[in-house]
There are 4 protein chains.
Amino acid sequence: MARQNVKAPELMVERWFNSAVPITLESLRGRPVLLHTFQMLCPGCVTHAIPQVKRIVAMFRKEDLAVVGLHTVFEHHDAMTPVSLEAFLHEYGITFPVGVDRPSENGPIPRTMATYGFRGTPSLVLIDRAGNIRHHGFGQEDDIALGFRLGMLMSETAPAQREQAEDPQHGCDADGCAAPSNG
Amino acid sequence: MARQNVKAPELMVERWFNSAVPITLESLRGRPVLLHTFQMLCPGCVTHAIPQVKRIVAMFRKEDLAVVGLHTVFEHHDAMTPVSLEAFLHEYGITFPVGVDRPSENGPIPRTMATYGFRGTPSLVLIDRAGNIRHHGFGQEDDIALGFRLGMLMSETAPAQREQAEDPQHGCDADGCAAPSNG
Amino acid sequence: MARQNVKAPELMVERWFNSAVPITLESLRGRPVLLHTFQMLCPGCVTHAIPQVKRIVAMFRKEDLAVVGLHTVFEHHDAMTPVSLEAFLHEYGITFPVGVDRPSENGPIPRTMATYGFRGTPSLVLIDRAGNIRHHGFGQEDDIALGFRLGMLMSETAPAQREQAEDPQHGCDADGCAAPSNG
Amino acid sequence: MARQNVKAPELMVERWFNSAVPITLESLRGRPVLLHTFQMLCPGCVTHAIPQVKRIVAMFRKEDLAVVGLHTVFEHHDAMTPVSLEAFLHEYGITFPVGVDRPSENGPIPRTMATYGFRGTPSLVLIDRAGNIRHHGFGQEDDIALGFRLGMLMSETAPAQREQAEDPQHGCDADGCAAPSNG
């Protein structure tokens, strides 16, 4: 079965925490990316998704997996300002980079959230080394299944390697495909 | 063994959520009271203590046990304003009364917290029918032990009842009483 | 409300583990009793009920609460012999007394189980100081609710104590009493 | 880094449950294999490892992952006979094949356990499509880490495919190696 590649849209972030410089997906090409979206007052995020992502951050090296958080506030905007988020990140011991999704002028849904079509929080996106979306989930992610997806993703060679090693026209095997980078 | 009675100091609250009128401990005399203090950005409160208190609220009738929350902000004051607290209470489905501990002019510790000498959040105080402190704990409360304390507390008759045990006017039965306040 | 007293039937046990002498409910009069029935190959017993009972054993003194286990085998009799039970008790660190319910000649349900009308395993019976059944439950017991029942039960004075409530010799205070047995 | 391939020794089983025919690792070549060893009276097996393996069985197709259980009794032999094991498998809803490790004439450690050098139960071995041991763990396996290992393992192409597609002398990339089958 041919898998259709969908390129992960670039993040639209107004402010970063835990990163000295703005982060782009483009700059992460070559590494698998786990994009974790949350709201600080979302119970499912706080009790399940954030602890899960923290365990993943502790388990893998940054060079093997890039973990990026995104604060996608779509309700209670006054209650979840960057001031409150900063205290939240401190109290919950969140040390991976977290971007504040850029608010929209047209409604409560912030821009990156609207572009990706997230159904709510928590949402989780896995992006392969070539920048394609490989998983897009809403709600709780099972630990074993998420670990499995990460194992599949990390076992793929990067597109440039595949182009050297194999037929550049296909780059697929029975388990999936890695598209060439658009770099 | 003679138990020394320590009267629970009155609450100093600047604003109530989930209650149309201000709540005083004085007005709750005759009922055991569970006073639960928390901060909305305290992980131990959010993942353990608040779910535990919610289960207790669901388990007992209000006439048998009064549950009162107290938001004792002693750090990150700008991040945990009443605006943020209101959204928090909504998102976490907290329906029992929650008071905002009155800020102090002399430091970060709010007034009720200072008076009770709470070591941090979560703290839990159990108050008997006569208004005396019977338990004062900091951190996680074991479910069985807390249930046990509640069983002990609720099985006590109210002080007035003890003094006039045959008085039929006070509407008591073998399982408990709502005594007149001793104020 | 008048509570109807149902006397707990005596145990019919063919062999005791963790007790040098046979245990009778009669001999425990004056103390509340937690009677925990299980089968060693019952998943709900092993994953929930037994760990819960072990925590209760660790929490209370034997003088305040007697915990008695009962192995009520009603299926797979060849698979759950006393030889297997003994290894089970060792491996699971069960140190409270456990009796083997006496098999019936008339069917798979052992005798104590039949007399009490247990619906299956785990079952839990709470018996007050006077030997009356106060709770009879099948399946998982909620920690808070079970703790509450224990608190209610332990706060009761023993029957003999009730009859002579002013006797100062028995060393009781408002939190409870350990009455002499009425044996 | 060159990974040294260690071929998984063949199982020595005296009796199979949940399989009409004896199972050999040889017959599973081409598929990754999860070999799960346990004892029915091992608490860590019952509360953690077996539920984890059952979730894995439910998550993957048999064609993608072969799960094989092995009952490696090294203590309490009289308490964990095949009669007891059969009831255990029934009560715990274990439907994947389980072999009884063949007892040794020289001591309490059964034969497959001795050959593999298992330190105890639960132990878990992951075997790749070519029959090599890729993971050998004792005790609790983290869900995410185990899922990750499965993802890595399943993403590998079988040795025959590699031999066609690549240099048969190497078959390695930065993430690991798949050795040629010895078939």
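Right, let's walk through the structure included here. (Residues numbered from 1 in each chain as written. Chains lettered and ligands numbered in written order. Predicted model: local features only at pLDDT ≥ 70, side-chain atom pairs only at ≥ 80, totals over all residues. Heavy atoms only, no water.)

**Considerations on the interface of chain A and chain D**
Right, on to step 1. Counting from both sides, the interface comprises 21 residues of chain A and, opposite them, 21 residues of chain D.
Right, on to step 2. Carbon and sulfur atoms supply 72% of the area buried between chain A and chain D, which totals about 1,600 Å² over both sides.
Right, on to step 3. Where chain A touches chain D, the interface holds 0 salt bridges.
Right, on to step 4. Counting the contacts that link chain A with chain D gives 3 residue pairs in polar contact (both at pLDDT 80 or more).
Right, on to step 5. Breaking the side of chain A that touches chain D down by element, the ones donating at least two residues are helix H1 (43-59) and helix H4 (143-155) of chain A.
Right, on to step 6. In terms of residue count, the dominant contributor to the side of chain A that touches chain D is H4(A) (10 residues).
Right, on to step 7. Its residues assigned to classes, the side of chain A that touches chain D comprises 9 nonpolar, 5 polar and 7 charged. (Contact = heavy atoms within 4.5 Å. Buried area = accessible area lost by both parts, 1.4 Å probe. Salt bridge = Lys/Arg side-chain N within 4 Å of Asp/Glu carboxyl O. Polar contact = N/O pair within 3.5 Å; in protein donor to acceptor, adjacent residues only side chain to side chain. Helix = DSSP H or I, 4+ residues; strand = E, 2+ residues; numbered from the N terminus. Nonpolar A, V, L, I, M, F, W, Y, C, P; charged D, E, K, R; others polar.)

**Side note on the pattern of salt bridges**
Right, on to step 1. Taken as a whole, this structure holds 26 salt bridges over all chains when the rule is applied.
Right, on to step 2. Two residues, A:Arg134 and A:Glu156, come together in a salt bridge whose shortest N-O distance is 2.6 Å. Residue A:Arg134 is located in strand S6 (residues 133-138), and its partner A:Glu156 is located in the loop between H4 and helix H5 (159-165); the two are separated by 22 residues in the primary sequence.
Right, on to step 3. Classification of A:Arg134 by relative accessible area gives partly exposed; the value is 23%.
Right, on to step 4. Across the pair D:Asp128 and D:Arg134 runs a salt bridge whose closest N-O atoms are separated by 3.2 Å.
Right, on to step 5. Sharing partners across several salt bridges, the network here consists of A:Arg61, A:Glu63 and A:Asp64. (Buried < 20%, exposed > 50% of the residue type's maximum accessible area, 1.4 Å probe, protein only.)

**With respect to the packing of aromatic side chains**
Right, on to step 1. Applying the stated criterion across every chain yields a total of 16 aromatic pairs over all chains.
Right, on to step 2. For the pair B:Tyr116 and B:Phe118, a centre-to-centre distance of 5.2 Å together with 10 degrees between the ring planes defines the contact as stacked.
Right, on to step 3. With relative accessibility at 7%, the residue B:Phe118 sits in the buried group.
Right, on to step 4. Through a chain of ring-to-ring contacts, the aromatic side chains of A:Phe38, A:Phe88 and A:Tyr92 assemble into a single cluster. (Phe/Tyr/Trp six-rings, centres within 6.5 Å; stacked < 30°, edge-to-face > 60°.)

**Concerning the sheet that holds strand S4 (residues 98-101) of chain D**
Residues and elements named next belong to chain D.
Right, on to step 1. If you walk across this open sheet you meet the 6 strands as S1-S4-S3-S2-S5-S6, and the pairing is mixed. Where the open sheet ends on each side, the last strands, each with one partner, are strand S1 (13-17) and strand S6 (133-138). Going across the sheet, the axis of each strand differs from the next one's by a mean of 20 degrees, ignoring polarity.
Right, on to step 2. Each of strand S2 (33-38) and strand S3 (66-71) is contacted by helix H1 (residues 43-59), which is oriented at about 160 degrees to S2, the strand it contacts most. (Pairing = 2+ DSSP bridges. Axes fitted to C-alpha atoms, helices over the stretch in contact; angles between N-to-C directions.)

**Structural notes on the nonpolar core**
Right, on to step 1. Counting 70 residues, the largest nonpolar core has C:Phe88 and D:Phe88 as its most contacted members.
Right, on to step 2. Among all residues touching D:Phe88, those that are not within four sequence positions of it are C:Leu41, D:Phe38, D:Met40, D:Val46, D:Ile50 and D:Ile94. (Core = buried A, V, L, I, M, F, W, Y, C linked by side-chain atoms within 4.5 Å.)

**Focus on the interface of chain A and chain B**
Right, on to step 1. Opposite the 17 residues of chain A that make contact, chain B presents 17 residues.
Right, on to step 2. Where chain A abuts chain B, roughly 1,400 Å² becomes buried across the two surfaces, and 67% of that area is made up of carbon and sulfur atoms.
Right, on to step 3. The three residues of chain A that bury the most area against chain B are A:Leu41, A:Glu91 and A:Tyr92, which together make up 37% of that side's buried surface.
Right, on to step 4. Inspection of the region where chain A meets chain B yields 0 salt bridges.
Right, on to step 5. Applying the counting rule to chain A against chain B returns 4 residue pairs in polar contact (both at pLDDT 80 or more).
Right, on to step 6. Breaking the side of chain A that touches chain B down by element, the ones donating at least two residues are H1 and helix H2 (82-91) of chain A.
Right, on to step 7. Considering each element in turn, the side of chain A that touches chain B owes the most residues, 6 residues, to H2(A).
Right, on to step 8. Of the residues that constitute the side of chain A that touches chain B, the class distribution is 10 nonpolar, 4 polar and 3 charged.

**Looking at empty space enclosed by the protein**
Residue and element names in this part refer to chain C.
Right, on to step 1. The final tally for this structure, using the stated rule, is 6 cavities of 30 Å³ or more.
Right, on to step 2. What the largest cavity holds in volume is close to 60 Å³.
Right, on to step 3. Of all the elements, helix H1 (residues 43-59) adds the most residues to the lining of the largest cavity, at 3 residues.
Right, on to step 4. In the lining of the largest cavity, the residues fall into 4 nonpolar, 5 polar and 1 charged. (1 Å grid on protein atoms, 1.4 Å probe; cavity = no way out; pocket = protein on both sides within 12 Å on 5 of 7 lines; lining within 4 Å. Points joined across faces, edges and corners; volume = space filled by probe spheres on them.)

**Observations regarding the side chain of B:Thr37**
Right, on to step 1. Mapped onto the elements, B:Thr37 comes out in strand S2 (residues 33-38).
Right, on to step 2. When sequence neighbours within four positions are dropped, the list of residues in contact with B:Thr37 reads B:Leu70, B:Thr72, B:Phe118, B:Gly120, B:Thr121, B:Pro122 and B:Ser123.

**What about the state of the cysteines?**
Residue and element names in this part refer to chain B.
Right, on to step 1. Evaluated as defined, the whole model comprises 4 disulfides over all chains.
Right, on to step 2. Across the disulfide from cysteine 42 sits cysteine 45; the S-S distance is 2.4 Å. Given an S-S torsion of about 80 degrees, the disulfide between cysteine 42 and cysteine 45 has right-handed geometry.
Right, on to step 3. In this structure cysteine 42 comes out as buried when scored by relative accessible area, which is 8%. (Disulfide = S-S within 2.5 Å.)

**Here we look at the side chain of B:Thr72**
Residue and element names in this part refer to chain B.
Right, on to step 1. Along the chain, the position of threonine 72 falls in the loop between strand S3 (66-71) and helix H2 (82-91).
Right, on to step 2. Threonine 72 sits in the buried class, given a relative accessible area of 0%.
Right, on to step 3. Setting aside chain neighbours within four positions, we find threonine 72 in contact with Thr37, Phe38, Gln39, Asp101, Pro110, Met113 and Thr121.

**Some points on the relation of the copies chain A and chain D**
Right, on to step 1. Expressed as a screw transformation, the operator carrying chain A onto chain D has a rotation angle of 180 degrees and an axial translation of 0.0 Å, and the superposed copies differ by an RMSD of 0.0 Å. Accordingly, the operation relating the two chain copies is best matched by a two-fold axis.
Right, on to step 2. Taken as a fraction of all interface residues of chain A, those also at the interface in chain D reach 100%, which identifies the copy contact as same-surface. (Least-squares fit on C-alpha atoms with pLDDT ≥ 70 in both.)

**Here we look at the relation of the copies chain A and chain B**
Right, on to step 1. Its rotation angle being 180 degrees, the transformation that places chain A on chain B also includes 0.0 Å of axial translation and leaves an RMSD of 0.1 Å.
Right, on to step 2. Same-surface contact between copies: 100% of interface residues of chain A are shared with the interface of chain B.

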